[in-house]
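So the chains spell out like this:
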Amino acid sequence: MAGLLLYCRSGFENDVANEVQDKAAQLDVFGYSKTKANSGYVLFNCYQEEHAELLAKQLKFNKLIFARQQFACKQVLENIDVADRIGPLLAACEGFPLCGELRVEYSDTTDGRELSKLCRKISVPFRQALRKKNKLTVKDNSKKPVLHVFFTKTDKVYIGYSFTHNNSPLALGILRLKFPHDAPSRSTLKLDEAFQTFIPKEEHDVRLQGGLYAVDLGACPGGWTYQLVQRGMFVQAVDNGAMDEALMETGQVTYCPEDGFKFQPKKKNIYWLVCDMIEQPQRVAKLMATWVAEGRCKEAMFNLKLPMKKRYESVQGALAIIDEVMKANQTGKYLIQAKHLYHNREEVTVHLRLP
Ligand SMILES: C[S@@+](CC[C@H](N)C(=O)[O-])C[C@H]1O[C@@H](n2cnc3c(N)ncnc32)[C@H](O)[C@@H]1O
């Protein structure tokens with residue numbers, strides 16, 4: 001058995017399965033997923049053993065929407081002796097390349113989190129054992145593969161490795177953020193995570209700098225506006241609802257009680273358009289693409305709300321609309337990223353801009 005193991009938010013297993021099937025087929029890799037509802041992971045079994053590693057290298061992680069992490073899974077161990085887990089784990093790594101980091105992980109579910117203590121406990125002795133066997137570099141090395149040990153029960157584990165050019169650098173694939181005590185809503189973390197995920201850190205000074213002008217469609221109570229204001233931007237907050245008073249007192253926010261679909265900015269030099277309106281994904285996609293294609297903003301960050309069952313298909317539909325609008329406007333190449341972020345629920349976040 002070999003396949004690609006992918007982590008996701010509990011409840012999104014079918015979306016991951018549909019996505020990996022689709023994107024693996026584009027690489028001429030075929031297989032099948034067996035999903036367990038609310039397990040927080042999916043194993044895509046490859047019909048050909050060597051395809052697991054091919055997917056881990058070539059199935060572009062940053063193009064996957066619903067997966068938080070992926071690794072080539074080489075072994076599944078069941079009913080392992082809980083008195084000596086290290087022995088069988090070590091044996092399972094026999095044919096592995098030299099790795100530069102070990103991550104002992106669990107799924108982000110209530111049951112999964114109960115295994116966190118065990119994972120922590122096992123990490124130190126297993127790391128030492130791997131080093132003794134020359135399976136792990138003496139010091140962590142970010143150029144070498146990451147060895148993943150993923151527990152789903154105290155005696156069941158999936159083992160394999162990922163490649164640092166094509167994985168999440170984060171434990172469990174999760175970006176943990178502290179909720180700022182003065183932010184008006186928890187939604188604020190979604191935009192913070194989106195900026196940190198989609199905009200390379202070394203470009204924050206330019207693309208997220210103070211003084212830029214932004215428009216926030218569906219702004220109330222102001223969690224997203226808060227992120228823009230914190231970075232020193234000036235925001236036109238569009239919504240008929242009530243805006244957080246402390247944000248208004250900063251003097252950086254202009255409140256516009258209007259329909260986000262009809263809104264025309266008062267200033268022309270808008271850099272960021274952000275949008276968290278609860279609306280059909282196709283409508284939001286069309287609006288966002290029109291703003292970017294017509295040069296009404298430089299970059300757009302927006303959520304596509306997905307209350308429906310077939311989420312992967314809905315996102316694909318919305319992305320196709322963006323493509324149509326961009327082509328109709330003859331924009332040429334455009335840059336787009338979409339991800340189901342850790343702080344998202346039934347929605348994905350999309351970033352769109354022209355190069
Ligand atoms: C999920 S909330 C936004 C939360 C906000 N991003 C935050 O962090 O506080 C969605 C908002 O979209 C607004 N909205 C929905 N449709 C809209 C429209 N057509 N025009 C303007 N605002 C709209 C709603 O009034 C609501 O306040």
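Computed from a prediction, not measured in an experiment: that's the story for all the values here. (Residues numbered from 1 in each chain as written. Predicted model: local features only at pLDDT ≥ 70, side-chain atom pairs only at ≥ 80, totals over all residues. Heavy atoms only, no water.)

Draft legend 1. Just the packing of aromatic side chains, in detail. Taken as a whole and judged by the stated rule, the model has twelve aromatic pairs. Here Phe 12 and Phe 66 contribute two aromatic rings whose centre-to-centre distance is 6.1 Å and whose plane-to-plane angle is 25°, an arrangement assigned as stacked. Within this pair, whereas Phe 12 is found in the loop between strand E1 (3-7) and helix H1 (13-25), its partner Phe 66 is found in the loop between helix H2 (51-58) and strand E4 (69-77), the two being separated by 54 residues in sequence. The exposure class assigned to Phe 12 is buried, which follows from its relative accessible area of 4%. Between Tyr 161 and Phe 163, the aromatic rings sit 5.8 Å apart at their centres with planes inclined by 90°, giving edge-to-face as the arrangement. Through a chain of ring-to-ring contacts, three or more aromatic side chains come together here, namely Tyr 7, Tyr 41, Phe 71, Phe 150 and Tyr 158. The cationic tip of Arg 186 hangs over the ring face of Phe 179; the distance from NZ or CZ to the ring centre is 4.8 Å. The ring of Phe 261 is capped by Arg 283, whose NZ or CZ atom sits 3.7 Å from the centre of that ring. (Phe/Tyr/Trp six-rings, centres within 6.5 Å; stacked < 30°, edge-to-face > 60°. Helix = DSSP H or I, 4+ residues; strand = E, 2+ residues; numbered from the N terminus. Buried < 20%, exposed > 50% of the residue type's maximum accessible area, 1.4 Å probe, protein only. Lys NZ or Arg CZ within 6 Å of the ring centre and 35° of its normal.)

Draft legend 2. Broad picture of the site of the ligand. Taken together, 17 residues lie around the ligand, and Gly 223, Asp 239, Asp 259, Gly 260 and Asp 276 are the ones closest in. Measuring from an oxygen atom of the ligand, one finds a backbone N or O atom of Cys 220 at 3.3 Å. At 3.4 Å from an oxygen atom of the ligand is found a main-chain nitrogen or oxygen belonging to Pro 221. Against a free-state accessible area of 600 Å², the protein chains account for coverage of 77% of the ligand. A breakdown of the residues in the shell around the ligand according to their chemical character gives seven nonpolar, six polar and four charged. (Near = heavy atom within 4 Å. Polar contact = N/O pair within 3.5 Å; in protein donor to acceptor, adjacent residues only side chain to side chain. Areas by Shrake-Rupley, 256 points an atom, 1.4 Å probe, with all protein chains shown as cover. Nonpolar A, V, L, I, M, F, W, Y, C, P; charged D, E, K, R; others polar.)

Draft legend 3. Fine view of the domain arrangement of the chain. On domain assignment, one finds that the chain holds domain 1 (3-173) and domain 2 (188-353). For domain 1 and domain 2, the distance between their C-alpha centroids amounts to 33 Å. Contacts between the two partners involve 16 residues from domain 1, matched on the other side by 17 residues from domain 2. Both sides of the domain 1 and domain 2 interface together cover about 1,400 Å² of buried area, and 50% of this is carbon and sulfur. Across the domain 1-domain 2 interface, the total number found is one salt bridge. Note that Arg 311 and Asp 15 form a salt bridge whose closest N and O atoms lie 2.7 Å from each other. Viewed at the interface, domain 2 and domain 1 are joined by nine residue pairs in polar contact (both at pLDDT 80 or more). When its residues are assigned to classes, the side of domain 1 that touches domain 2 shows six nonpolar, two polar and eight charged. (Domains from an automatic or database assignment. Contact = heavy atoms within 4.5 Å. Buried area = accessible area lost by both parts, 1.4 Å probe. Salt bridge = Lys/Arg side-chain N within 4 Å of Asp/Glu carboxyl O.)

Draft legend 4. Here's a closer look at the UniProt feature "active site" (unreviewed entry) in the chain. Per the UniProt annotation, the sites labelled "active site" (unreviewed entry) are Lys 305. Topologically, Lys 305 is positioned in strand E12 (residues 299-305). Excluding residues within four positions of it along the chain, Lys 305 makes contact with Asp 276, Met 277, Ile 278, Glu 279, Pro 281, Glu 346 and Glu 347. (UniProt positions renumbered as here; feature names shortened; annotations may be inferred.)

Draft legend 5. Geometry of the packing of helix H6 (residues 188-198) against helix H8 (residues 223-230). Where H6 contacts H8, the axes come no closer than 7 Å and their chain directions differ by 50°. What the angle tells us is that H6 and H8 run oblique. The handedness of the crossing between H6 and H8 comes out as right-handed. Of the residues in H8, those touching H6 at Thr 188, Lys 190, Leu 191, Asp 192 and Phe 195 are Gly 223, Trp 224, Tyr 226, Gln 227 and Leu 228. Classifying every residue of the contact of H6 with H8 gives five nonpolar, three polar and two charged. (Axes fitted to C-alpha atoms, helices over the stretch in contact; angles between N-to-C directions. Parallel < 35°, antiparallel > 145°, perpendicular 65-115°, else oblique. Left-handed = near helix turned anticlockwise from the far one by under 90°.)

Draft legend 6. The arrangement of helix H11 (residues 311-328) in detail. A rise of 1.5 Å per residue sets the reference length of H11, with its 18 residues, at 26 Å; its end C-alpha atoms lie 26 Å apart and thus fit the reference within 8%. When H11 is considered as a whole, its buried residues turn out to be Arg 311, Tyr 312, Ser 314, Val 315, Ala 318, Ile 321, Ile 322, Val 325 and Met 326. Buried residues in H11 make contact with H1, helix H10 (281-293), E12, strand E13 (335-339) and strand E14 (347-353). Of the residues flanking the end of H11, it is Gln 330, one or two places downstream, whose phi is positive at about 50°. (Expected span 1.5 Å × (residues − 1).)

Draft legend 7. Broad picture of the sheet that holds strand E10 (residues 253-256). The strand order E10-E9-E8-E11-E12-E14-E13 describes an open sheet built from seven strands, whose pairing is mixed. With one partner strand each, in any of the chains shown, E10 and E13 form the two edges of the open sheet. Adjacent strand axes in the sheet meet at a mean angle of 15° when their direction is disregarded. In terms of strand pairing, E13 meets E14 through five bridges, oriented antiparallel. In the sheet register, Ala 338 faces E14, and the bridge partner there is Val 350. H8 contacts strand E8 (213-217), strand E9 (234-238), E10, strand E11 (270-275) and E12 of the sheet and is inclined by roughly 170° relative to E9. Each of E8, E11, E12 and E14 touches H10; the most contacted strand, E12, lies at about 175° to it. (Pairing = 2+ DSSP bridges.)

Draft legend 8. A look at the pattern of salt bridges. Considering all chains together, one arrives at 18 salt bridges under this definition. With a shortest N-O distance of 3.2 Å, Asp 192 and Arg 231 are connected by a salt bridge. Here Asp 192, found in helix H6, pairs with Arg 231, found in the loop between H8 and E9; they are 39 residues apart in sequence, far enough to count as distant. Accessibility expressed as a relative area gives 13% for Asp 192, which makes it buried. Since its relative accessible area comes to 21%, Arg 231 is described here as partly exposed.

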